Amino acid sequence: MGRAEPVAAPGPWLVAAVLLLLSGAAVFLRTVEAAWLAPPDWWAAFALPAGAVLAARGTVLLWRSHAWRRRLPAREEIHVSCDTGPGGRLPTVGRRTDPLTWGVAPAAADARDGASLPPYVPRAADMRLRAAVQAQKFVLLTGDSAVGKTRSAHEAVRHLTDHVLIAPRPGARVAPALQAAAAHPRCVLWLDDLHRWASDPQLTAQNVGNLLGGQGRGTHRVVVATLRDTEKKRLLDGDDAERWRLLLRRAVEIRVDRVLTDGERKRAERFRSDERIAHALDRRSVHGFAPLLARAPELLAEVKGAGDPSEAGEAETAAHALSPASQGALLVAAAVTVRRCGAVGPIPRALVERLHVRLSEEAGSGDRRPETPDRAWEWATTPRAGTTRLLTPVGADHVEVFDHLVDEALKRALPGERIPDALFDEVLEGVSAEDAMVLGWEALRFGRDGAAVAGMRRSVRLRAAERGPDHPDTLETRHRLARTLMTMGEPDASLAEYREVAAGYRRLRGKHHPATLRSRHQLAFALLWADRLEEAEAEQRSVAQTMLWVLGPQAPEIEEARQRLSVLERRIRETRELNAELDW
């Protein structure tokens, strides 16, 4: 909720020093007593209370220690939220040598050496990109799909071999990644396809700025992200547009174009011995150089031909609806539909097959559709020329769809066009907890309040079933639901959710943890919104007093709590005055 919790200086070292001092004093006294100078009674009378005071002070210091309180959540959650190596440890950049594991799209295998990727052709923006990485900036590469954004980003950071690589999983919470990055002085926070974390309120300009600001000697943190043009437009047109405008304004934006400049083409000529590069250079196309390496135009044409009966010959037209290619094209269309709804994570195969049935019926072939489209799946998932697949299997139960197909579908959509309600609801019922939340936000964008609440409630249920009702992910999801209900004018329903969030954090972290205190602050405002003024004021005063006791009067959170209490008191006063005027 709100901002990510930073990792502060290691306060426990101060406690350790105090304990060592006490131990040293005890050893000294015992040594003196054992020798010839036993301390008088008054000394013991003084030493015992003094030791008790020091021990109590050490306990308070330990309790207030930010490192003790705040590093633990990242350690607990990092293996769930981020890509990790053996033993659940975060890998270093130097250990991730295969660009494909960074999200780089494969190209056709070279017939001579079988290499999965062609040599990297230096781009015009590379010098600016590497300078931004060296300067510890938030770097954002934008452009169309399949133009080489991820490859360029990887080339810019792969020399940082000693840096820890922190790559949150699609749809996972960003907070643990931010905490982990704050705990590692030399790291790369890798956000390939930035829109995958669109619904996370902690991905803000302030949190990114806090991470990158004030880096001392020996510290080198960098945030590197990519974002497709179509997704950037969707983010800036959505309900959370202001947050995204501030975040993108914080970034050093570097555009990667489809078409090579003259200088880039000359550099590419040096690699003409690679048949894939030679093929792309010889085919001057509006699609551009990198999409040709991925065979994007051919894949797009193949899907269009397989899904359009008019593309078939006269002898094939009658059987076209039953062909593996046409059924496979419908599987691809189903996966593209899920992406158009806003889902960002791997797509469940079961959902694709259900949508395949619907699309088959709409195409007029439902009565002749095969019961199990195994050959259709084979057609859709087979690599073309050893390169990109239309649908890429992710484990046994999920698939990813080629981004270029999604972008083309979004570009063809009319302004304001949206997925039909019934189709959107069917997608919503079949996606993961992460995507249910994303689709909930997308539904709000189009004024589908019922679908928005349904999506968020589904996300809460799934997260509670998968990770437990008091897991941070579940509580964060419930908090978003509570906030949404409040903005929709449902104060009682919102208040019920805020109560659950505050109770959950208290069980999980204890009553003095910052996350618990912030959840109680939100509860105070929910009480105000529900016109429970006395309860709201009592709750906020209790939060402020607890913060003062736990963190000490100099902690920055104290001033923030005082400001919040002042705002709350003013709103309570205004509400009471308004009620008095209306004689309620």
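Residues numbered from 1 in each chain as written. Predicted model: local features only at pLDDT ≥ 70, side-chain atom pairs only at ≥ 80, totals over all residues. Heavy atoms only, no water.

A few points about empty space enclosed by the protein
So, point 1. Overall, the coordinates contain 2 cavities of 30 Å³ or more when judged by the stated rule.
So, point 2. Taken as a whole, the second largest cavity spans an internal volume of roughly 100 Å³.
So, point 3. As for the second largest cavity, its lining consists of 15 residues, and the residues nearest its centre are G171, A172, S199, R463 and R480.
So, point 4. Those elements that provide at least two residues to the lining of the second largest cavity are α20 (433–445) and α22 (472–487). (1 Å grid on protein atoms, 1.4 Å probe; cavity = no way out; pocket = protein on both sides within 12 Å on 5 of 7 lines; lining within 4 Å. Points joined across faces, edges and corners; volume = space filled by probe spheres on them. Helix = DSSP H or I, 4+ residues; strand = E, 2+ residues; numbered from the N terminus.)

Some words on helix α9 (residues 241–250)
So, point 1. Taken as a whole, α9 has its buried residues at A241, R243, W244, L247 and L248. With its buried residues spanning 155 degrees around the axis, α9 presents them on a single face. (Buried < 20%, exposed > 50% of the residue type's maximum accessible area, 1.4 Å probe, protein only. Arc of directions from axis to C-beta.)

Observations concerning the confidence of the model for the protein chain
So, point 1. Per-residue pLDDT for the protein chain has a mean of 80; in total, 79% of the residues score no lower than 70.
So, point 2. Within the model, the stretch residues 1–15 combines pLDDT values under 50 with 44 contacts to residues more than four positions away or in other chains.
So, point 3. Under a pLDDT of 50 for its full length, residues 61–74 has, in the predicted model, 44 contacts with residues more than four places off or in other chains. (pLDDT = per-residue confidence, 0-100. Contact = heavy atoms within 4.5 Å.)

Details of the environment of G216
So, point 1. Topologically, G216 is positioned in the loop between α7 (205–212) and β4 (220–228).
So, point 2. When the C-alpha positions of G216 and P185 are compared, they lie 8.8 Å apart, and in sequence the two are 31 residues distant.

Notes on the pattern of salt bridges
So, point 1. A full pass over the atoms with the stated rule returns 43 salt bridges.
So, point 2. The partner of E264 in a salt bridge is R123, with the nearest N and O atoms 3.1 Å apart. Taken as a pair, E264 in helix α10 (residues 262–269) and R123 in the loop between α3 (66–81) and α4 (126–134) lie far apart in primary sequence, 141 residues in all.
So, point 3. With relative accessibility at 12%, the residue R123 sits in the buried group.
So, point 4. The salt bridge involving E539 is made with R520; its shortest N-O contact spans 2.7 Å. With E539 in helix α25 (residues 533–551) and R520 in helix α24 (residues 514–529), this pair connects stretches of sequence that are 19 residues apart. (Salt bridge = Lys/Arg side-chain N within 4 Å of Asp/Glu carboxyl O.)

Re the packing of aromatic side chains
So, point 1. Inspection of the entire model under this criterion finds 1 aromatic pair.
So, point 2. When the ring of W102 is compared with that of W190, the centres are 4.8 Å apart and the planes differ by 90 degrees; the resulting orientation is edge-to-face. Taken together, the residues W102 in the loop between α3 and α4 and W190 in strand β3 (residues 186–191) connect sequence positions 88 residues apart.
So, point 3. Residue W190 is classed as buried on the basis of its relative accessible area of 5%.
So, point 4. Lying over the aromatic face of W377, R349 brings its terminal NZ or CZ to 4.0 Å of the ring centre.
So, point 5. Positioned above the aromatic ring of F424, the side-chain terminus of R448 is 4.6 Å from the ring centre. (Phe/Tyr/Trp six-rings, centres within 6.5 Å; stacked < 30°, edge-to-face > 60°. Lys NZ or Arg CZ within 6 Å of the ring centre and 35° of its normal.)

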